[in-house]
Amino acid sequence: MTNNAKHWGTAGALSLMMLAGAAQADSLRVGALMPMTGDLQAYGESSRNGAQLALDEINAAGGVFGAPVELQLADTQTEPQSGVDAAQRLVSVHNVSAIVGALSSGVTIPVASSVTSVEGVPQISNASTSPVMTGLDDNDFLFRTTPSDAYQGVALAAVAVEKGVDSVAMLYINNDYGEGLADAFENAFNAAGGSVVGRSGYEPGQASYRGELNQVSDGSAPLLLIGYPENGQTIIRQALEGGFFTDFLFTDGMKSPQIVENLGAEFLNGSFGTAAEARDDTDAAAHFQTAYEAAYGEVPPVPYIDTAYDAVYSIALAAVAAGSNDPVAIRDHLRAINDPAGEVVGPGQFAEAVALLEAGTPINYEGASGSVNFDENGDVGGTFAHWEIQNGEYVTVRVFEPSL
């Protein structure tokens, strides 16, 4: 993988922009590969809103090459084959220049392997966290705006130890996300002196998970559940009804108000977990919060909204930097618009960023979700929230950056 040149002369940049003005008759089309149905439906609409908010701001600032950016939504149904089919339609029928999504690693990875890396279209997942993605053979077309679970496993292990938890049982969804996060947590937890008393993967869509619950329960350790809201609710309900578990730890995929609403706060108060979350004391985060509330109301307590927003901004800025809507050209400039030595621009500053690029000045887009400096694998670092369910509400206890 190569990091393309990040600096270009003023004359060269102006030539690119003049060519772009003549060549870009069509609008920049961005695909949004979202789970509007299925196990991750609880996150689909909010992620779509984050992407749409960025697009609306970009278009209000003049769009890309003077034309409005278009968002093409496709439902993954939180299923690998459905996601692959949806991605292929986005590329072949809608002619998108880049894709935001998918959310689940179990969908993102097959999409990257069989569609985007083959068709040569950059894909930026706002939520897929599997460590497998780091080393995936994707021809440098797969990026993400959320940190790897190699970090979340460490973060959750640290929180568990701080909370006095010395042993856990684990159930994890049997896909790249679930297994990768389970491994990362177990390694970090063991290193900190904790122990995993039972561990099992589970298949989504089953009517009963009592066998898996019985297999991992030792009668005292809490359950660490790594999964998604739809099946996760079934597992928690059966854990409570069968007396297998009364205490729970969760990861990012289970941070949904839907779970508390459907199961009852009295059963979940005191549960805690982790999820990628930006610090809220930056101008970028403040702008995002204000803009989202103005467009959609209160920001819901689910992750990966700001990361969808940043993915769209990154794609649009990369197109401007490239002077082209060509997918490969956009891919080749995704790192350039996150140049640590460049002029810092943030959410709501698209017009200013375009002016800098037209003047030949490198930029560093600092996003609503934090730094979006893609490394050679398309990964980013980031911070995590330790959150708890208190009086039926999700409360952020602290935001911190774990170290591997």
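Since this is a predicted model, take the numbers as computed values, not measurements.

## Focus: the overall build of the protein
Moving on, step 1. On a plain count of helices and strands, the protein comes out with 14 helices and 15 strands.
Moving on, step 2. At 21 Å, the protein has a C-alpha radius of gyration in line with the 22 Å of a compact globule built from 404 residues.
Moving on, step 3. For the protein, the spread of C-alpha atoms along the principal axes amounts to about 70 × 40 × 40 Å.
Moving on, step 4. Going through the 404 residues of the protein one by one, you find that 58% of them count as buried.

## Quick notes on the sheet that holds strand 4 (residues 123-125)
The strands making up a sheet are joined through hydrogen bonds of the backbone, oriented either antiparallel or parallel.
Moving on, step 1. Ordered by their spatial adjacency, five strands build an open sheet running 2-1-3-4-5, and the pairing between neighbours is parallel. Looking at strand neighbours, the two that pair on one side only are strand 2 (70-75) and strand 5 (142-144), the edges of this open sheet. Shown here is a sheet whose adjacent strand axes are inclined to one another by a mean of 25°, direction ignored.
Moving on, step 2. Judged from the three bridges that link them, strand 4 and strand 5 form a sheet pairing that is parallel. Paired with I124 across the strands is F143, a residue of strand 5.
Moving on, step 3. Contacts from helix 3 (residues 80-92) reach strand 1 (29-34), strand 2 and strand 3 (98-101) within the one sheet, and its direction differs from that of strand 1 by about 170°.
Moving on, step 4. Its contacts with the sheet place helix 4 (residues 105-119) against strand 1, strand 3, strand 4 and strand 5, and it is angled at close to 180° to strand 4.

## Points about unusual backbone geometry
Leaving glycine out, the prevailing phi sign among residues is negative, and the prevailing peptide bond configuration is trans.
Moving on, step 1. The residue after G101, namely A102, is reached through a cis peptide bond having omega -5°.
Moving on, step 2. Along the chain, A102 turns up in the loop between strand 3 and helix 4.
Moving on, step 3. Phi is positive for N95, close to 55°, though the residue is something other than glycine.
Moving on, step 4. Residue position: N95 is located in the loop between helix 3 and strand 3.
Moving on, step 5. N95 sits in the partly exposed class, given a relative accessible area of 47%.

## Quick word on helix 5 (residues 149-162)
Moving on, step 1. Relative to the 20 Å expected for 14 residues at 1.5 Å per residue, helix 5 spans 19 Å between its end C-alpha atoms, a close match to the ideal helical length.
Moving on, step 2. Among the residues making up helix 5, those that are buried are D149, Q152, G153, A155, L156, A157, V159 and A160.
Moving on, step 3. Among the residues of helix 5, the N-terminal cap falls to S148, whose side-chain oxygen and the backbone nitrogen of A150 are separated by 3.0 Å.
Moving on, step 4. Note on helix 5: the residue one or two positions beyond its end, G164, has a positive phi of about 85°.

## Some thoughts on the side chain of H386
Moving on, step 1. For H386, the position within the fold is in strand 14 (residues 384-390).
Moving on, step 2. Given a relative accessible area of 5%, H386 falls into the buried group.
Moving on, step 3. Separated by 3.0 Å, the side chains of H386 and E388 make a polar contact.

## Considering the packing of helix 12 (residues 306-322) against helix 14 (residues 350-358)
Moving on, step 1. Running from N to C, helix 12 and helix 14 cross one another at 25°; their axes reach a closest spacing of 10 Å. Put simply, helix 12 runs roughly parallel to helix 14. Crossing of helix 12 over helix 14 shows right-handed handedness. Contact with helix 12, carried on its side by Y313, A316, L317, V320 and A321, involves F350, A353, V354 and L357 of helix 14 and no other residues of that element.
Moving on, step 2. Here the contact of helix 12 with helix 14 is built from residues that sort into nine nonpolar, no polar and no charged.

Thresholds, definitions, all that
Residues numbered from 1 in each chain as written. Predicted model: local features only at pLDDT ≥ 70, side-chain atom pairs only at ≥ 80, totals over all residues. Heavy atoms only, no water. Helix = DSSP H or I, 4+ residues; strand = E, 2+ residues; numbered from the N terminus. Rg over C-alpha atoms; globule rule 2.2 N^0.38 Å. Buried < 20%, exposed > 50% of the residue type's maximum accessible area, 1.4 Å probe, protein only. Pairing = 2+ DSSP bridges. Axes fitted to C-alpha atoms, helices over the stretch in contact; angles between N-to-C directions. Contact = heavy atoms within 4.5 Å. Expected span 1.5 Å × (residues − 1). Polar contact = N/O pair within 3.5 Å; in protein donor to acceptor, adjacent residues only side chain to side chain. Parallel < 35°, antiparallel > 145°, perpendicular 65-115°, else oblique. Left-handed = near helix turned anticlockwise from the far one by under 90°. Nonpolar A, V, L, I, M, F, W, Y, C, P; charged D, E, K, R; others polar.

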